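So the chains spell out like this:
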Amino acid sequence: MCDIKGCGNTHSDKPLPQATGEERRSFLKGMLALPLAVVLADPLLAQAAGSRTRSVQLALGGGNKVQAHLAMPEGDGPFPAVVLIHEWWGLNDQIKAVAAELANLGFMALAVDLYKGGVADTREDAMALMQAVKEEEASDTLVGWIDWLRRHQHCNGKVGTMGWCFGGGWSLNASMETPVDATIIYYGNVTRTPEQLSRLRGPVLGHFGTLDESIDEAMVGGFERAMAKAGKTDLQVHWYVADHAFANPTGARYDADDAALAWSRSVSFLYRQLG
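The structure contained in this document is the topic of the report that follows. (Residues numbered from 1 in each chain as written. Predicted model: local features only at pLDDT ≥ 70, side-chain atom pairs only at ≥ 80, totals over all residues. Heavy atoms only, no water.)

1. Concerning the packing of aromatic side chains
Both the distance between ring centres and the angle between the ring planes are used here to describe each pair of aromatic rings.
Piece 1. Per the counting criterion, the structure on display carries 9 aromatic pairs.
Piece 2. Ring geometry for Phe107 versus Tyr271: centroids 5.0 Å apart, planes at 35°, classification tilted. Here Phe107, found in the loop between helix H4 (93-104) and strand S4 (108-112), pairs with Tyr271, found in helix H10 (residues 256-274); they are 164 residues apart in sequence, far enough to count as distant.
Piece 3. Note on Phe107: relative accessible area 1%, which makes it buried.
Piece 4. When its relative accessible area of 39% is taken as the criterion, Tyr271 is described as partly exposed.
Piece 5. Between Tyr115 and Phe166 the ring centres are 5.5 Å apart and the planes differ by 45°, which places this aromatic pair in the tilted class. Here Tyr115, found in the loop between S4 and helix H5 (123-131), pairs with Phe166, found in helix H7 (residues 166-177); they are 51 residues apart in sequence, far enough to count as distant.
Piece 6. Judged by its relative accessible area of 6%, Tyr115 falls in the buried class. (Phe/Tyr/Trp six-rings, centres within 6.5 Å; stacked < 30°, edge-to-face > 60°. Helix = DSSP H or I, 4+ residues; strand = E, 2+ residues; numbered from the N terminus. Buried < 20%, exposed > 50% of the residue type's maximum accessible area, 1.4 Å probe, protein only.)

Here you go:
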């Protein structure tokens, strides 16, 4: 079903032919050769890539159960692991597609869901979902998944976090709540005190846009000073002449060159820190 307005799709009573298992495998194999940005920008490709993940469930304290989507590399491992934390839109096909790409690169990639299944299509819905997140529950969820990955039979024991926007801030929060081996922040809120940052145990990589009016140079500068005061010197901050959400190919502020550069830096950082 086409859900893109104005796509010009027409329908007939004749049923569409169904792809065979071999045709589907060939399609997915061919898709692996496509640049990540191409996959993320196309809803159908992103959906197909996201289908390479599988839903997993974790029981937390008090009987609370949370969901995530896991993408596994080929082979038996052991593999390094990365927790992916979605933008304010929720755990959509785009984030699942990023998990699939990281699996292609040799990482166990777990795309967590902090919205309990909610996914937004409008800014109003995204804001409502984001505001409904309870900080303690979200922290417990992320700590639980990080511990689950670290103990996974196919994990090498090293876990990193990566998040965008809303998820960028939570990537940092998760790393303060439990030790991780690498933290990546894409234009997330980084206003923290030195006391809070003193709980970090691993290196941090941040990507920010000079045109971003919310996650701006004043905020990030304060973050750098707070990190220094906390004695955390393993911090890399990269600036791009770009706006907020510059790495999202489905948005109007997408910057292809800067997104590609940030992604290459992120992957190199994960390889160095997680091994």
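2. Considering the nonpolar core
Nonpolar side chains in soluble globular proteins tend to end up buried together.
Piece 1. Counting 32 residues, the largest nonpolar core has Leu84, Met162, Tyr186 and Leu270 as its most contacted members.
Piece 2. Per element, the largest residue contribution to this core is 7 residues, and it comes from H10.
Piece 3. Sequence-distant contacts of Tyr186, that is, excluding residues within four places in its chain, are made with Met162, Gly163, Trp164, Cys165, Gly168, His207, Ala247, Ala262, Trp263 and Ser266.
Piece 4. Ranked by size, the runner-up nonpolar core spans 31 residues in total, among them Leu70, Ala138, Leu142 and Trp145. (Core = buried A, V, L, I, M, F, W, Y, C linked by side-chain atoms within 4.5 Å. Contact = heavy atoms within 4.5 Å.)

3. With respect to the sheet that holds strand S5 (residues 155-164)
Piece 1. Read across the sheet, 8 strands follow the order S1-S2-S4-S3-S5-S6-S7-S8 without closing on themselves; strand pairing throughout is mixed. The strands lining the two open edges of the sheet, one partner per strand, are strand S1 (54-59) and strand S8 (235-240). Neighbour-to-neighbour, the strand axes of this sheet turn through a mean angle of 20°, independent of strand direction.
Piece 2. Against the sheet, helix H6 (residues 135-150) engages S1, strand S2 (65-71), strand S3 (79-85), S4 and S5, with an angle of about 150° to S5.
Piece 3. In the packing of H10 onto the sheet, the strands contacted are S3, S5, strand S6 (182-186), strand S7 (204-209) and S8, and the crossing angle to S6 comes to about 170°. (Pairing = 2+ DSSP bridges. Axes fitted to C-alpha atoms, helices over the stretch in contact; angles between N-to-C directions.)

4. Describing the pairing of S3
Piece 1. By the criterion of burial, S3 is predominantly enclosed, with 7 of the 7 residues buried.
Piece 2. As paired elements, S3 and S4 share 5 bridges and run parallel to each other. Its bridge partner being in S4, Ala81 is matched across the sheet by Met108.
Piece 3. A crossover connection joins S3 to the parallel S4 through H4; in handedness this β-α-β unit is right-handed. (Right-handed = clockwise from strand over helix to strand, strands pointing away.)

Purely geometric numbers; function is a separate question.
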